[in-house]
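If you want the building blocks of each chain, they are given just below.
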Amino acid sequence: MVSAEEDIQYLILIVRKDEEIQNKKKFLKNAPARIGRVDSEISRMDSQFAENSAAVAALEAENRKLLGKVKEQNENITKKKALLTQIRENKEYKAMKHEIEFLENQVDEEEERILVIMDQMVVRVKDLEEIKKKIANEKGALLEEKRKLEEETARDMEILRKLEEEKSKILPNLSGRVQRLYERIKEAKGDSGVANLTGDVCQGCHSRVPPQKAHEIRRNDSIIMCEVCGRILVFYEDAPSS
Ligand SMILES: [Zn+2]
């Protein structure tokens, strides 16, 4: 036969496990978001690098193409100018002159575009250098942070598993009636079926317990429930820090 005093001592062990379990669960719940933030910072750097690299490559390709075209057109202009001296017929001369002008205009436009490309390249190359520097300085630390978070998560999952195991070993020590009561309240509350009384405040729902009742709870010799949240109230000093 388990006495009420014994039940309460086991309930104290159980609520302390429940507190630790809840703390671990809270950390574990936040871990994916924390890892996600680090991940998105890394991928933002990587995509900035990729974007600027692609832009520089595209500008270089366009520049190369334009330079080739300008060279070809200039050769063409030189040829046509040479031919021009041999043309006697006025109409034909005018047509050739017109072709040359057309080509010269194109070359002007292309050379202007080349200048714009050069300016854009300066900006893009500078951005690329900056992002390269940023990656060199920060990416390693971010990867390390991610690794630590993942390690911490794995460790906490193991701790959580152990806590649940330890708790499952304490539970059968309770009297059947109190164990069923505990399970029912825990089911309803989600965190624990028990709460500590600190001063005269229930730590489960933070409501105040009348002084006479608080006095009875502190004796830890009978099963008393919080009138507000329904958790079994027990009394113990200083919650373990975790
Ligand atoms: Zn309460």
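Just so we're clear, the structure is a prediction, and the values are computed from it rather than from any experiment.

What counts and how
Residues numbered from 1 in each chain as written. Predicted model: local features only at pLDDT ≥ 70, side-chain atom pairs only at ≥ 80, totals over all residues. Heavy atoms only, no water. Helix = DSSP H or I, 4+ residues; strand = E, 2+ residues; numbered from the N terminus. Rg over C-alpha atoms; globule rule 2.2 N^0.38 Å. Buried < 20%, exposed > 50% of the residue type's maximum accessible area, 1.4 Å probe, protein only. Contact = heavy atoms within 4.5 Å. Areas by Shrake-Rupley, 256 points an atom, 1.4 Å probe, with all protein chains shown as cover. Lys, Arg positive; Asp, Glu negative; His and termini not counted. Charge placed at Lys NZ, Arg CZ, Asp CG, Glu CD. Expected span 1.5 Å × (residues − 1). Bend = angle between axes of the 7 residues up to and from the residue. Axes fitted to C-alpha atoms, helices over the stretch in contact; angles between N-to-C directions. Parallel < 35°, antiparallel > 145°, perpendicular 65-115°, else oblique. Left-handed = near helix turned anticlockwise from the far one by under 90°. Donors = N, O, S within 2.8 Å, 3.2 Å for Na, K, Ca; no water. Tetrahedral: all angles 85-135°; square planar, octahedral: opposite > 155°, others 65-115°. Domains from an automatic or database assignment. Polar contact = N/O pair within 3.5 Å; in protein donor to acceptor, adjacent residues only side chain to side chain. Pairing = 2+ DSSP bridges.

**Student:** Just checking my understanding: could you explain the overall build of the chain for this structure?
**Tutor:** Helix and strand counts for the chain come out as four helices and four strands. Counting from the amino terminus, the chain carries its helices and strands in the arrangement α-α-α-β-β-α-β-β. A globule of 242 residues ought to have a C-alpha radius of gyration of about 18 Å, yet the chain, at 39 Å, is considerably larger. Dimensions of the chain along its principal axes, counting C-alpha atoms only, are 130 × 30 × 25 Å. Put simply, the chain has 242 residues, and 32% of those count as buried. A sequence separation of at least 24 residues applies to 73% of the contacts in the chain between residues at least 6 apart. Taken as a whole, the chain presents about 15600 Å² of accessible surface, with 53% of it coming from carbon and sulfur. Here the chain contributes 45 positive and 48 negative side-chain charges, whose respective centroids are spaced 2 Å apart.

**Student:** Would you explain helix α2 (residues 90-170) in this entry?
**Tutor:** An α-helix turns once every 3.6 residues. As a result, residues three or four positions apart point the same way. Helix length check: α2 (81 residues) gives 112 Å between terminal C-alpha atoms against 120 Å at 1.5 Å per residue, within 8%. At Glu 138, α2 shows its maximal kink, close to 40°.

**Student:** Whenever I open this one, the side chain of Lys 80 confuses me. Can you help?
**Tutor:** Within the secondary structure, Lys 80 sits in helix α1 (residues 4-84). Beyond its immediate stretch of four places on either side in the chain, Lys 80 contacts Met 96, Glu 99, Ile 100 and Leu 103.

**Student:** Just to check I follow, could you spell out the packing of α1 against helix α3 (residues 176-189) for this structure?
**Tutor:** To describe two helices that pack against each other, one gives the angle between their axes and the distance between the axes. Put simply, α1 and α3 touch, their axes get as near as 11 Å, and they point 25° apart. Here α3 runs roughly parallel to α1, going by the angle between their axes. The handedness of the crossing between α1 and α3 comes out as right-handed. For the pair formed by α1 and α3, the contact residues are Asp 7, Leu 11, Ile 14 and Asp 18 on the first element and Val 178, Tyr 182 and Lys 186 on the second.

**Student:** Even after reading the chapter, I still don't get the coordination of the zinc ion, so can you show me in this structure?
**Tutor:** Put simply, the ideal angle at a metal is 109.5 degrees for four donors in tetrahedral geometry and 90 or 180 degrees for six donors in octahedral geometry. Around the zinc ion, the protein contributes the donor atoms Cys 202 (SG), Cys 205 (SG), Cys 226 (SG) and Cys 229 (SG), which lie 2.3 Å from the metal centre. Coordination at the zinc ion is tetrahedral: its four donor atoms span angles of 105 to 114° at the metal. Residue Cys 229 is classed as buried on the basis of its relative accessible area, which comes to 9%.

**Student:** So what exactly am I meant to see when it comes to the domain arrangement of the chain here?
**Tutor:** In terms of domain boundaries, the chain breaks down into domain 1 (23-170) and domain 2 (175-242). Here the C-alpha centre of domain 2 lies 61 Å away from the C-alpha centre of domain 1.

**Student:** For this particular structure, what's the right way to read the side chain of Lys 17?
**Tutor:** In this fold, Lys 17 is placed in helix α1. Judged by its relative accessible area of 17%, Lys 17 is buried. A polar side-chain atom of Lys 17 sits 2.8 Å from a polar atom in the side chain of Glu 166. Excluding residues within four positions of it along the chain, Lys 17 makes contact with Leu 163, Glu 166, Lys 167 and Ile 170.

**Student:** I would appreciate a short explanation of the sheet that holds strand β4 (residues 232-234) in the present structure.
**Tutor:** Pairing between the strands of a sheet comes from backbone hydrogen bonds, and it takes one of two forms, parallel or antiparallel. As summarised here, the arrangement of the four strands in space is β2-β1-β4-β3, forming an open sheet in which the pairing is mixed. Only two strands of the sheet have a single neighbouring strand rather than two, namely β2 (201-202) and β3 (224-225). Two elements, strand β1 (residues 194-198) and β2, share two bridges in a ladder whose sense is antiparallel. From the neighbouring strand, Thr 198 faces β2, where its bridge partner is Val 201. Most of the contacts of α1 go to β4, to which it runs at about 95°, and overall it touches β1 and β4.

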